[in-house]
Amino acid sequence: MTFNTWIIAVDNRIADLLAAAATVPGEVHVAVLGDRDLAEELARTDVADVLWFEPPAGSVVEEYAGQVAEAVAARKPDVVLTGPQDAARLIAGRLAAQLRTPLITSVQSIEADPPVATRLTVSGSVEQTVSASPLLAVLDSPGGAPEATDAAVTIDQIVLAPGTTISMVSAVPRAAGADLSTADRVVAVGRGLAAKTDLGLVRDLATALGAQVAGSLPLAEDLGWLDKDLCVGISGKQISPALYLAVGISGQMQHMAGVTRAQKVVAINNDPEALIFGKCDYGIVGDLYAVVPALVSALGEPRA
Amino acid sequence: MAVVVAFKWAPDPQDGRVADDGAIDWSGAATSAVGDDAVAVEVARQTAESLGQEAVGITLGRKNADWALARGADRVIAVDADLAGASDDLRAAVLAALARRVDGADTVIIGDSAVDSGAAVVPSLLAATLGRPGLLGATGVATDGTAITVERRTRDAVVTVKVDGPAVIAVAADAATPRVPGMRDVLMARKRPIETVELAELGVDAPGAELLTSRRTDSGRQAQLFDGADPQQAARQLVAALRSAEAV
C-alpha cells in the first residue's frame, strides 16, 4: 500500500522530516510557508513536488496557518510530518481541526506500513507507539538543512489571501541567539553558581568542550544572569544534544524534562542527594568551583 | 467584551505513576498551575484593565477557580471534570468550548509552556478549534487602550505585531511578573462569581490516537558517580569515561 505523505516546512530544517517520510511508501510532498528562496531550496530535495505559500511582503506568517492547513487538508494526506517551530505547530493545530485527527506530539520516529508514530510522553518517561488516520505528527527534531539534489521538482504556488488580524509593527534585528535546539553539546548552569561573575568558569568549560552555554529557568528568570532564550526545561527549550553537562543544577523535573532526549547527561553537584544523580549517566559529587577548573584541565590533557 | 485567560492546569508529570508495562496512572496526581499560568493571568488582567474589559478565567477543574480569582480574574468558568491525563486535543477542545461561552471574547491568553505531554500544542489546538490566528511565545503584551500589540523573539529579531481581531496569544514565562496574591486579594476573590459547567454540557469531542504499545523509559540512566573530594582525579575519571563512551 502507498500513502500520501506531506511535510510542512516553515524553514529549511527538514532533513529528519525527510528521513522519516522516506520510511513511508508512496510520494512525499512538501508544503512550504515562506519566501521564494526557501521554496526553491526545498524543491531541490528528494520529494515529488513543492506546494508553496508565499506570505504577502511585510506580513506575519502566523496569520496564514489556517490557509496552509486548508490547502493541505484538501489534498487528503495520509501522513503529515512537521517540526516544533511556532508556525509549524500552528499549522499542525489547524490541520488537526481540519482533518479531525489527533495531533501526535513529541514524535521520535515514524514506521510504515501502516503508519505508526513512536512518541515520548510524561516528560519522556514513557515511550508509546500510536496510530491514527490520517497520522499527523510533530517531530521533536526536524533535522538540519536537507541535502540538495541535482534537479529541482515542480513548485506549485498558492496565492494567500492577505490576512487582516495581525499586522507587523516592527522587527528589530538582534544578535542571533545560540540555537540550543541543534547544539551537539550543551553545558548548563543552575543555582549552584554563587555569583554572575562566576559564569566565566562555566564558559571556560563550554569552550573546552566546544559546547554552548545554557541554564536553568531560575538562573535566567529570577536572577537574570542568562538570556531567557538559553533556558532549558519545561518552560524553556527542550533539547537533544549528544552531551548535556549540568553544573550546579539540582535536577527538578521542570528542568530535566528539557533534556530527556540528550544522549549522555553529566552532572556536577555538591549535594550527593541531588535528584539529578538519579537522572544522569555520569556524575561528580563535589564543589563545582574545584571540579569545573579540574575538568577544563583534564579535557586539555592528551588521551591516554 | 472580555479578555479570556485559559488555564492548562495539569498534573505534575512527577505524579504520573508509570507501571512496568508503561501504563500511566494519574489517580494520585494533584493538578497544579503550570509555570506560566500565573504569567498568563497577570497579562490578561493588565490587558483587560487597559482595554476596559472583563478578565474571564476558563479552567479545567473546579479547584483552580479560586486560584485564578485571587490573581485578578473578574470571574471564572470552570468545567467540573477531572482531566488529568487527558490528551492535548481534549484539553484544547474543552478550553475552546468554554471560551465560546464568553461573549465578545476576542482575546484569549494562555501560557505557552508544555505541560505533561511536553509538547506545547494546547495553544495552537485552541487557536485552531476557535478558528482564529494564534501567536506563540509572546514575550510582551501591551495595549494603547484600544489595540493590542504583541512582542515575540524570533531567532534573529524582536518582532512586534498588532492584533486587530480575535486571536489566541500564548505568553512565555517572561511576559510578565506574576502577582503573589495578598490576603485582601484572596478575600476579594471570594465575592467574585464562579460558573461551573458539566463536561457533558459542552458536547466536546476530540479525536484520539490509537495506543499500540507503551513502555517505561526512565530506568535508562544509571549514574556512574565519581567522588569530587579529589577534584583532579574525579575530573580525569569523568573525562576518561566520556572518551571511552565517545561522548567527547
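Because the structure is a prediction, the values reported are computed rather than measured.

Criteria and cut-off values
Residues numbered from 1 in each chain as written. Chains lettered and ligands numbered in written order. Predicted model: local features only at pLDDT ≥ 70, side-chain atom pairs only at ≥ 80, totals over all residues. Heavy atoms only, no water. Contact = heavy atoms within 4.5 Å. Buried area = accessible area lost by both parts, 1.4 Å probe. Salt bridge = Lys/Arg side-chain N within 4 Å of Asp/Glu carboxyl O. Polar contact = N/O pair within 3.5 Å; in protein donor to acceptor, adjacent residues only side chain to side chain. Helix = DSSP H or I, 4+ residues; strand = E, 2+ residues; numbered from the N terminus. Nonpolar A, V, L, I, M, F, W, Y, C, P; charged D, E, K, R; others polar. Buried < 20%, exposed > 50% of the residue type's maximum accessible area, 1.4 Å probe, protein only. Pairing = 2+ DSSP bridges. Domains from an automatic or database assignment. Lys, Arg positive; Asp, Glu negative; His and termini not counted. Axes fitted to C-alpha atoms, helices over the stretch in contact; angles between N-to-C directions.

## A short note on the interface of chain B and chain A
Okay, so step 1: Across the boundary between the two partners, chain B contributes 80 residues, which contact 85 residues of chain A.
Okay, so step 2: When the buried area of chain B at its contact with chain A is split by residue, R155, R221 and R243 of chain B rank highest and sum to 12% of it.
Okay, so step 3: Summed over the shared surface of chain B and chain A, the number is five salt bridges.
Okay, so step 4: Salt-bridge contacts for D229 of chain A lead to R153 of chain B; the nearest nitrogen and oxygen are separated by 3.5 Å.
Okay, so step 5: Applying the counting rule to chain B against chain A returns 24 residue pairs in polar contact (both at pLDDT 80 or more).
Okay, so step 6: Per-element tally for the side of chain B that touches chain A: the top contributor is helix α7 (residues 231-244) of chain B, with ten residues.
Okay, so step 7: Class assignment of the residues belonging to the side of chain B that touches chain A gives a composition of 40 nonpolar, 20 polar and 20 charged.

## Some remarks on the pairing of strand β8 (residues 107-111) of chain B
Along any regular strand the residues' side chains alternate between the sheet's two faces.
Residues and elements named next belong to chain B.
Okay, so step 1: For β8, the tally of buried residues reaches five of five residues, placing the bulk of the element in the interior.
Okay, so step 2: Judged by which residues are buried, β8 turns out to be covered on both faces: T107, I109 and G111 on one side and V108 and I110 on the other are all buried.
Okay, so step 3: Pairing geometry for strand β1 (residues 2-6) and β8, over four bridges, is parallel. Bridge assignment links V4 to a residue of β8, and that residue is V108.
Okay, so step 4: Looking at chain direction, β8 and strand β12 (residues 167-171) are connected through five bridges and run parallel. Pairing of T107 across the sheet is with A167, part of β12.

## Comments concerning the domain arrangement of chain A
All names here are of chain A.
Okay, so step 1: Once the domains are mapped, chain A shows domain 1 (5-159) and domain 2 (180-300).
Okay, so step 2: With centres defined by C-alpha atoms, the gap from domain 1 to domain 2 works out at 32 Å.
Okay, so step 3: The interface is formed by six residues belonging to domain 1 together with five residues belonging to domain 2.
Okay, so step 4: Summing both sides of the interface, domain 1 and domain 2 together bury roughly 450 Å²; the carbon and sulfur share of this comes to 55%.
Okay, so step 5: Joining domain 1 to domain 2, the criterion identifies one salt bridge.
Okay, so step 6: Across the pair R261 and D140 runs a salt bridge whose closest N-O atoms are separated by 2.9 Å.
Okay, so step 7: On the surface where domain 1 and domain 2 come into contact, there are one residue pair in polar contact (both at pLDDT 80 or more).
Okay, so step 8: Looking at the side of domain 1 that touches domain 2, its residues break down into one nonpolar, three polar and two charged.

## Things to note about the side chain of E63 of chain A
Okay, so step 1: Tracing the backbone through its elements, the reader meets E63 of chain A in the loop between β3 (49-54) and α3 (65-74).
Okay, so step 2: Summary of buried charges: E63 of chain A has no salt-bridge partner, and the nearest side chain of opposite charge, R94 of chain A, is 8.2 Å away.
Okay, so step 3: Apart from residues no more than four positions distant in its own chain, E63 of chain A is found in contact with G163, T164, T165 and I166 of chain A together with P133 of chain B.

## Points about the sheet that holds strand β14 (residues 210-216) of chain B
Okay, so step 1: Spatially, the ten strands line up as an open sheet ordered β9(A)-β3(A)-β2(A)-β1(A)-β4(A)-β8(A)-β5(A)-β6(A)-β7(A)-β14(B), and their pairing is mixed. Edge positions in the open sheet fall to β9 (155-159) of chain A together with β14 of chain B, since each of these has one partner strand only. Adjacent strand axes in the sheet meet at a mean angle of 30° when their direction is disregarded.
Okay, so step 2: The pairing of strand β7 (residues 126-131) of chain A with β14 of chain B spans six bridges and is antiparallel. Each bridged residue has a counterpart across the sheet, and for S131 of chain A the counterpart in β14 of chain B is E210 of chain B.
Okay, so step 3: In this fold helix α4 (residues 86-99) of chain A packs onto β1 (5-9), β2 (28-33), β4 (79-82), β5 (103-111) and β8 (135-139) of chain A, with an angle of close to 165° to the strand it touches most, β8 of chain A.

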